[in-house]
Amino acid sequence: MNTRVIKALLKKDIALFMSNRFYLLITVIGLVFYIGVYFVLPSKVDEKLSLAMYAPVVPPAFTQLTNQEGVIIKYFSDEESLKQAVLNGSYQVAISLPSNIMDTWAAGGKPTITVYYASMAPPEISAAIVALVKELSYAQTGQALNFETTEEILGPDMLGNQIALRDRMRPLLAVFILLVEIMSLASLIAVEIEQGTARALLVTPLRTSDLFIAKGLLGVGLAFGQAVLFMALVGGFSHQPLIILVTLIIGSVMVVGTSFLLASLTRDVTAVTGWGVLILILLAVPGFGTVIPGLISDWARVIPSYYLTDTVSRVANYGAGWRDVSMNLAIMAGFTALVIWAGMTALRRRYK
Amino acid sequence: MVENSIIVENLTYRYGNLLAVDHISFKVGAGEILGFLGPNGAGKTTTVKMLTGQLMPQEGHAILLGRDIVKETQAVRSQIGVCFEQANLYEQMSALDNLILFAELFGVKGFDGYALLKRVGLAGREKDKVSGYSKGMKQRLMVARSLVNAPKIIFMDEPTAGLDPVSSEAIGNIILEERDRGATVFLTTHDMWEADKLCHRVAFIDKGKIAAVDTPHNLKQLYGKRSLMAEVAVGGGLEKREINMDTADTARAVEELFEREKVVTIHSEEATLEDIFIKVTGRRLSE
């Protein structure tokens, strides 16, 4: 490694990056946009409970409950339309009362109440509904009654957590910032190959490895710098900042390797943009799983960025520690080493 | 002191089934300008790529400045300069910054970019972005870039292609100055006139093989036909007369021409390198 050569190359690349309005624009706009998106999204969870209900016989106490603050009850005429309302996302939870509920209570029995949950409903809602029904029972009979509940989850299993949307989106946005740099760095390399300047560099005493190190440092610097700035501004370092930093560094190196691969497989900047968007979409997919838990199935684990978003999400949003994410970090590191090796090999051939 | 700056033996390269360079051998002396002439696809660029370490020879070897280009690539590259045919400059950077970058890559201490740019006729435009330069200016900057490390061998690939006469002459003069400095110049060109004017020796390459290597003078002696071309007045017009200068009767033929006809103009005519190339290879350089 020749530090003088690497320093000269870095200086040149930074100058070229700064002089290219396109790179500069998408970098600055991207960063501002993602930070803006975070702050525009709601910071609090909506705690008002919307409840769908099917009750062939409406107990009088339920009418009183309808007027209580924080509870909105909508009655349905039949059980099937009630379930459909949950399935189509209109309600996160619904209750179906048996037609003999009053008679059963009067006879001192235990009526069976069916509770339907949307699969994306937060788990806290389950306890809230049971408490609500107990309160209804108490209001009706003046004493706590036993009752049976059967629970049914409707739709795919997407049980999430009571985390604000913007915090759920934080890992996704951070990963987006990293991923955008795949296109910036790949474009920078593609331009050098396209315009023949890479050939001019390679007849000087520099080694190809020096060229890779310089490009890698630039890529890691750009990606990591922006991601860190973003996470710092949106409070992403409140839990285990060291794990987040390590994750972002590995992610940045992964970005560099992917850029090398992309640049080696494309002939010009237009091709970089075209293929880059496809790669960007693919790598962004796992991020949506952090916004809507359960949306992404196990197959997403084959996408390497899954481990990046999953780690950031678990650490930043759920307070996970080293032990919890060690497997994720190991997989990421392994994949990053592979992609860097593949990228450098392919790019070395491309240069020749 | 290395007597021969470049020693090439049996150098060979194939692209698949195509034998681009076919076991060529030649030597270039220190301070010599060698013209490497051949039509498109003859193997010139592949040869230069092997000599500058861009391609690994599949057979044979090349010794530059006493070092094997394959085994000591970096050491050789630190002492050579390459001027490409196609402008490959950092267009968004200034001419000065382009040169400074390469000076840093070569580890040149106390580099004076202004002086070098002045030498190639770009004084006053040092800090302009290269994207605003004309083709001739870019080519001069390419030449300047190949000189930042005061190389002992300079590879120049068609350095004057498509340039106006003023720019061509300026670059020709720089090549001669470099020769005077003691540099060896490996000049790839289509331009026979340029090769004739600048080169100590020329090598004809065709279909991957060296067809002839010698001084332009010797090649003309060996393959050319010297003659006198005269224009004589006949009736109301002019007619041409040719007298071969390489026969025993030349003097008498000249005398008779002046006695019998009204000579309007007369001058000697040598075979050009183009003529000789055709004679040697059966092809035109422009093919």
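See the structure above.
Structure report, in brief. (Residues numbered from 1 in each chain as written. Chains lettered and ligands numbered in written order. Predicted model: local features only at pLDDT ≥ 70, side-chain atom pairs only at ≥ 80, totals over all residues.)

**Points about the interface of chain A and chain B**
Contact with chain A, which involves 19 residues of that partner, is made by 19 residues of chain B. Taken together, the elements giving at least two residues each to the side of chain A that touches chain B come down to helix H1 (3-19) and helix H8 (197-201) of chain A. In terms of residue count, the dominant contributor to the side of chain A that touches chain B is H1 of chain A (seven residues). Partitioned by chemical class, the residues of the side of chain A that touches chain B number nine nonpolar, six polar and four charged. (Contact = placed C-beta atoms within 7 Å. Helix = DSSP H or I, 4+ residues; strand = E, 2+ residues; numbered from the N terminus. Nonpolar A, V, L, I, M, F, W, Y, C, P; charged D, E, K, R; others polar.)

**Brief notes about the nonpolar core**
Judged by nonpolar contacts, the single largest core of 136 residues is most densely connected at Ala227 of chain A together with Phe155 and Leu187 of chain B. No other element matches the 18 residues that helix H7 (residues 165-194) of chain A contributes to this core. When neighbours within four sequence positions are excluded, Leu187 of chain B is seen to be in contact with Ile33, Leu34, Gly35, Phe36, Met156, Ile175, Ala195, Leu198 and Cys199 of chain B. Counting 18 residues, the second largest nonpolar core, distinct from the first, contains Tyr54, Leu82, Val86 and Ile95 of chain A. (Core = buried A, V, L, I, M, F, W, Y, C linked by C-beta atoms within 7 Å. Buried ≥ 20, exposed ≤ 12 C-beta atoms within 10 Å, placed from the backbone.)

**Notes on the sheet that holds strand E3 (residues 33-37) of chain B**
Residues and elements named next belong to chain B. Ordered by their spatial adjacency, six strands build an open sheet running E6-E7-E8-E3-E9-E10, and the pairing between neighbours is mixed. Only two strands of the sheet have a single neighbouring strand rather than two, namely strand E6 (80-83) and strand E10 (209-214). Adjacent strand axes in the sheet meet at a mean angle of 15°, parallel and antiparallel pairs treated alike. The pairing of E3 with strand E9 (residues 201-206) spans four bridges and is parallel. Residue pairing in the sheet places Leu34 in a bridge with Arg201 of E9. (Pairing = 2+ DSSP bridges. Axes fitted to C-alpha atoms, helices over the stretch in contact; angles between N-to-C directions.)

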